[in-house]
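Geometric and topological summary
Residue strings, one per chain:
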Amino acid sequence: MALILLAEDDEGIRVPLVRALEREGYDVEAVTSGRDAIAAGVDGEHDLLLLDIGLPGADGLEVCQRVREGRPSVPIVFLTVHDGEMDAVGGLDAGADDYITKPFGVEELLARIRATTRRHVQPTPASARIGDFDIDLAKHQVTAPERAAVHLTRIEWRLIELFLAEPGKLFSHRQLLQQVWGPTYDSETQYLRQYIAQLRRKFEKDPARPRHLITESGMGYRFQP
């Protein structure tokens with residue numbers, strides 16, 4: 001039975017959310033401040049953290065950063081408000097795996113929890129598919145029936161490897177830039193847009209309406225198998 005740490009100071013959200021999660025079979029530890037979330041998250045053995053961005057004492061971004069220092073692999077999902085786009089971007093850059101916008105349905109949240117925890121227990125695949133294309137990550141080969149082999153540049157391979165390692169995860173622009181190009185490129189979004197466009201031309205049947213390399217407006221990109 002998975003144990004979830006829920007950090008939410010709004011009782012009107014916290015209480016029904018705890019009940020809903022417990023009905024689904026989760027154990028829940030609920031706290032109402034950032035300081036309590038840091039103490040519990042760093043020292044605990046939770047399977048996933050749900051963090052409100054606007055916690056008193058220490059905001060969710062600080063909580064995420066502090067927990068990541070001691071537990072780099074624990075799944076973290078942020079709860080953010082409808083107009084909190086920049087907060088959500090900050091959460092992703094701080095190390096969160098995903099976010100969900102208030103108000104949200106319980107079923108949507110449960111789906112995010114399942115997807116996030118599933119990504120953390122699955123090893124990076126040796127091979128995968130994008131549409132009709134077979135991707136051999138070990139040999140760095142891309143093939144498809146009745147098509148010429150697809151050539152990918154070093155940068156394109158690095159992006160594909162990141163996406164395939166965690167399908168469904170939302171990567172912020174900054175995360176992708178830092179992991180692929182390096183820390184000095186964290187604001188060079190034009191590079192990222194250029195390479196995503198190139199990958200879509202190679203893998204998507206209709207690059208203008210991508211099904212696999214999805215843009216999350218103002219946030220980043222997500223790979224959908």
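Below, the structure is looked at part by part.

What counts and how
- Residues numbered from 1 in each chain as written.
- Predicted model: local features only at pLDDT ≥ 70, side-chain atom pairs only at ≥ 80, totals over all residues.
- Heavy atoms only, no water.
- Core = buried A, V, L, I, M, F, W, Y, C linked by side-chain atoms within 4.5 Å.
- Buried < 20%, exposed > 50% of the residue type's maximum accessible area, 1.4 Å probe, protein only.
- Helix = DSSP H or I, 4+ residues; strand = E, 2+ residues; numbered from the N terminus.
- Contact = heavy atoms within 4.5 Å.

Of all hydrophobic cores here, the largest spans 28 residues; its most connected members are Ile135, Leu159, Phe163 and Phe203. At the level of elements, strand 7 (133-136), helix 6 (154-165), helix 7 (173-180), helix 8 (189-203) and strand 11 (220-223) are the ones that each hand at least two residues to this core. Among the elements that make up this core, the one with the highest residue count is helix 6 (seven residues). Setting aside anything within four residues of it in sequence, one finds Phe163 in contact with Phe171, Leu176, Ile196, Leu213, Tyr221 and Phe223. Of all hydrophobic cores here, the second largest spans 25 residues; its members include Leu51, Ile53, Val63 and Leu92.

What follows concerns unusual backbone geometry. With an omega of -10°, the peptide bond between Lys102 and Pro103 qualifies as cis. Here Pro103 is to be found in the loop between strand 5 (98-101) and helix 5 (106-121). Phi at His140 takes a positive value of approximately 55°, unusual for a residue other than glycine. Positionally, His140 belongs in the loop between strand 7 and strand 8 (141-143). Residue class for His140 comes out partly exposed when judged on its relative accessible area of 40%.

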